[in-house]
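# Residue-level structural notes
Okay, here's what each chain looks like letter by letter:
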Amino acid sequence: MDSIIEVQRQTHEEIEHLERALYTILAKPQPTHQVRLQNEHKASQLLDRIHSRVVTLNNLYEDQDTRKAEIDAISAPAQQDDLSAFYERLGKITEHHVKYPDTVVGGFELELAAFLDDDEELEDEEFEQDDPVALMFSGEEGYGKYLDLYANHTTYNNLKHIGKRLAYLQYLDVLLAAESHPVHTELPKECRLHRDYELYIRALHAYLVSFMKRSQPLVDVESQQREAEEQFNKYWESGETEEWEESQPKAPENGSGEGGIWCAACQKMYSKQTVYDAHLNSKKHIKAAQKQATADAPPANPNGPPAAGGSHQNGDHSHASGRNKHRTAALLTHLCTQLLRALAPALNDTKSNVERRFSLTAREREQELLEQSRKPPPAAKTPANGEAAEEEEEEERIYNPLKLPLGWDGKPIPYWLYKLHGLGVEYRCEICSDHVYMGRKNFERHFQESRHAFGMRALGLPNTKHFHEITRIEDALALAEKLKREGRNEIFEQETMEELEDEEGNVYNRKTYEDLKKQGLI
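Below is a short write-up of the structure.

Cut-offs and rules
- Residues numbered from 1 in each chain as written.
- Predicted model: local features only at pLDDT ≥ 70, side-chain atom pairs only at ≥ 80, totals over all residues.
- Heavy atoms only, no water.
- Helix = DSSP H or I, 4+ residues; strand = E, 2+ residues; numbered from the N terminus.
- Buried < 20%, exposed > 50% of the residue type's maximum accessible area, 1.4 Å probe, protein only.
- Contact = heavy atoms within 4.5 Å.
- Pairing = 2+ DSSP bridges.
- 1 Å grid on protein atoms, 1.4 Å probe; cavity = no way out; pocket = protein on both sides within 12 Å on 5 of 7 lines; lining within 4 Å.
- Points joined across faces, edges and corners; volume = space filled by probe spheres on them.
- Nonpolar A, V, L, I, M, F, W, Y, C, P; charged D, E, K, R; others polar.
- Core = buried A, V, L, I, M, F, W, Y, C linked by side-chain atoms within 4.5 Å.
- Patch = residues over 30% accessible without salt bridge, like charges linked within 9 Å, V, L, I, M, F, W, Y side chains within 5 Å.
- Areas by Shrake-Rupley, 256 points an atom, 1.4 Å probe, with all protein chains shown as cover.
- Salt bridge = Lys/Arg side-chain N within 4 Å of Asp/Glu carboxyl O.
- Axes fitted to C-alpha atoms, helices over the stretch in contact; angles between N-to-C directions.
- Parallel < 35°, antiparallel > 145°, perpendicular 65-115°, else oblique.
- Left-handed = near helix turned anticlockwise from the far one by under 90°.
- Phe/Tyr/Trp six-rings, centres within 6.5 Å; stacked < 30°, edge-to-face > 60°.

Moving on to the overall build of the protein. A tally of regular secondary structure across the protein gives 24 helices and seven strands. Split into buried and exposed, the 522 residues of the protein put 29% on the buried side. In the protein, of all internal contacts separated by at least 6 residues, the share reaching a separation of at least 24 is 58%.

Bringing the pairing of strand β4 (residues 426-429) into the picture now. For β4 and strand β5 (residues 435-438), the ladder comprises four bridges, and the chain directions are antiparallel. If you follow E426 over to β5, its bridge partner there is M438. Connecting β4 to the antiparallel partner β5 that follows it, the hairpin turn spans five residues, and S433 within it adopts a positive phi of roughly 60 degrees.

Trans is the prevailing form of peptide bonds, just as negative phi is the prevailing case for residues other than glycine. The residue Y143 is not glycine, and still its phi comes out positive at about 60 degrees. Following the sequence through the fold, Y143 ends up in the loop between α6 (118-124) and α7 (150-157). The exposure class assigned to Y143 is buried, which follows from its relative accessible area of 13%. Its identity is not glycine, yet H184 carries a phi of approximately 65 degrees, on the positive side. Position of H184 among the secondary structure elements: in the loop between α8 (168-176) and α9 (189-192). Looking at H184, the relative accessible area reads 1%, which means it is buried.

Turning to empty space enclosed by the protein, a few remarks are in order. Under the defined criterion, the tally for this structure stands at two cavities of 30 Å³ or more. What the largest cavity holds in volume is close to 60 Å³. Looking at the largest cavity, the residues that line it are F358, S359, L360, T361, H421, L423, G439, R440, K441, N442 and R445. Looking at the lining of the largest cavity, the element that brings in the most residues is helix α20 (residues 440-445), giving four residues. Of the residues assigned to the lining of the largest cavity, the class counts are three nonpolar, five polar and three charged. In this structure, the second largest cavity occupies an estimated 30 Å³ of space. Class assignment for the residues of the lining of the second largest cavity results in two nonpolar, five polar and one charged.

Next up on the list: the nonpolar core. One finds L147, L149, L204 and L208 to be the most contacted residues of the largest nonpolar core, which totals 51 residues. Those elements that place two or more of their residues in this core are α8, α10 (195-215), α11 (221-237), α15 (327-342), α16 (344-358) and β5. No other element matches α10, which puts nine residues into this core. Not counting chain neighbours up to four residues away, the residues in contact with L204 comprise L149, N152, Y171, L175, H184 and C336. One finds C429, C432, Y437 and M456 within the second-largest nonpolar core, a separate group that totals 13 residues.

Attention now moves to a nonpolar patch on the surface. A surface patch of nonpolar side chains, about 430 Å² in accessible area, is lined by L83, F86, Y87 and L90. Considering the arrangement of structural elements, one finds Y87 in helix α4 (residues 84-99).

Two measures define how a pair of helices packs: the angle their axes make with one another and the distance between the axes. As a packed pair, helix α1 (residues 4-26) and helix α2 (residues 33-62) sit with axes 9 Å apart at the nearest point and diverge in direction by 160 degrees. As far as their axial angle goes, α2 and α1 are roughly antiparallel. α1 and α2 meet at a crossing whose hand is left-handed. Here the contact of α1 with α2 is composed, by residue class, of 16 nonpolar, four polar and five charged.

So, about the side chain of H446. Here H446 shows up in the loop between α20 and α21 (450-459). Here H446 is in contact with C429, C432, Y437 and H452, once residues within four sequence places are set aside.

Attention now goes to the packing of aromatic side chains. Under the defined criterion, the tally for this structure stands at 12 aromatic pairs. When the centroid spacing of 4.0 Å and the interplanar angle of 10 degrees are considered together, the rings of Y150 and Y168 count as stacked. In this pair, Y150 sits in helix α7 while Y168 sits in helix α8, placing the two residues 18 residues apart along the sequence. Overall, Y150 belongs to the partly exposed group, its relative accessible area being 34%. Pairing Y156 with Y200 gives two aromatic rings, centres 5.8 Å apart and planes at 55 degrees, and the pair type is tilted.

A separate point is the packing of α15 against α16. One can describe the packing of α15 onto α16 by two numbers: an axis separation of 4 Å at closest approach and a directional angle of 70 degrees. Classed by the angle they form, the pair α15 and α16 counts as roughly perpendicular. Of α16, the residues touching α15 (which contributes L340, R341 and A342) are A344, P345 and L347.

Here it is in structure tokens:
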């Protein structure tokens with residue numbers, strides 16, 4: 001077992017080396033977003049290692065008994081000529097090196113040097129190695145630049161009692177509104193109190209926390225979430241939670257309610273007033289009323305609302321249980337609001353990227369994916385210059401007051417091109433689940449895309465040229481009925497539209513070809 005004093009000295013040395021390595025990484029130039037994110041992840045790993053070393057060192061210092069025993073052992077013995085303790089430790093050291101002859105001296109420093117020079121070694125190698133940071137993000141997230149909220153958007157549109165469904169850009173605007181007020185205040189109260197909303201907001205919170213840790217590894221997300229939770233607890237205990245309380249129905253008067261009229265003597269519910277009045281003169285009711293007069297108070301209606309006395313006794317309990325039932329959804333909503341405020345720049349970039357992709361053709365999108373898959377060339381090593389750095393920062397700032405979509409070069413497209421393509425005009429297609437297409441070009445192209453074809457198949461209609469420019473479900477069904485009445489049934493008979501050729505080169509439709517083949521004529 002090593003000396004505790006030697007372990008403390010070695011831990012101090014490792015902490016000092018890790019701090020120097022952290023300074024080296026943070027002092028590196030960061031020309032691109034990818035390099036900056038890689039350096040931040042490395043710095044985060046070093047901070048975790050420093051934290052673990054500090055915790056270990058603190059535990060060693062708190063172990064006073066072991067330290068005192070070690071100090072007494074290395075102190076001068078009573079007999080100055082007694083070297084037995086020295087030779088005993090020397091024997092242990094010799095035995096260790098005999099048992100492990102290939103032990104590398106200074107292995108920690110070599111490991112740290114390899115960790116710092118990892119990028120330079122990869123540039124010299126011929127083969128391409130996967131970037132561990134790039135594997136953390138999906139293709140839609142663009143190496144941590146944008147958020148991938150398509151799954152959350154689909155879940156949002158499938159919530160019960162939501163009312164109007166939103167397109168993806170409108171959904172991003174709803175999340176951006178969290179800067180001024182809590183998120184999803186636009187939803188009706190009955191929607192936010194439903195179980196589906198709690199599942200949705202839980203999934204959204206989990207994704208935002210995950211993206212925050214991956215895109216900003218140096219930010220302490222856990223402490224921010226704890227502070228936000230403490231704020232929510234104060235807000236919840238103050239009782240200002242009317243939007244998370246269920247409205248209690250009022251108790252009906254005189255034993256009547258929506259389900260009918262309750263007779264306490266007969267312990268029976270009557271649906272109509274005439275039936276209730278007629279049974280008052282029956283022998284069964286009179287006998288039950290006489291029995292009730294001599295007995296205790298009858299039990300209340302089990303299916304009806306609580307009585308006045310019971311509601312007065314259990315009012316506070318039901319009020320508290322109604323609030324606590326939706327506490328989890330309210331807490332997650334508050335935490336998501338704090339996260340969305342911190343991710344507001346990334347949300348704005350995500351919206352700009354979606355708008356830019358709307359203006360691209362299929363060929364331009366393929367070219368963009370090819371450029372993203374290529375490894376960027378290494379940055380030229382130039383001496384640091386303050387003026388040059390300021391000029392680069394000015395070039396990186398994009399002046400876009402009109403919020404125009406970005407082109408293939410990352411700059412806003414010209415305004416005349418924006419007006420020419422009509423990218424400010426919205427085209428909504430009811431067949432595509434009320435999806436919004438920006439610009440006439442994207443609207444005309446979508447009729448041959450998979451989303452519109454799926455909507456037509458769901459309606460039981462073929463996606464042919466007859467239904468071009470038809471966006472409403474009612475109009476598509478009406479056109480199909482009209483084509484049937486006009487006798488143009490070929491659009492519904494796929495077997496007569498497909499042509500086949502025999503070995504001699506004769507062309508038949510599918511039905512004729514199959515009939516001749518069954519008869520053996522082909």
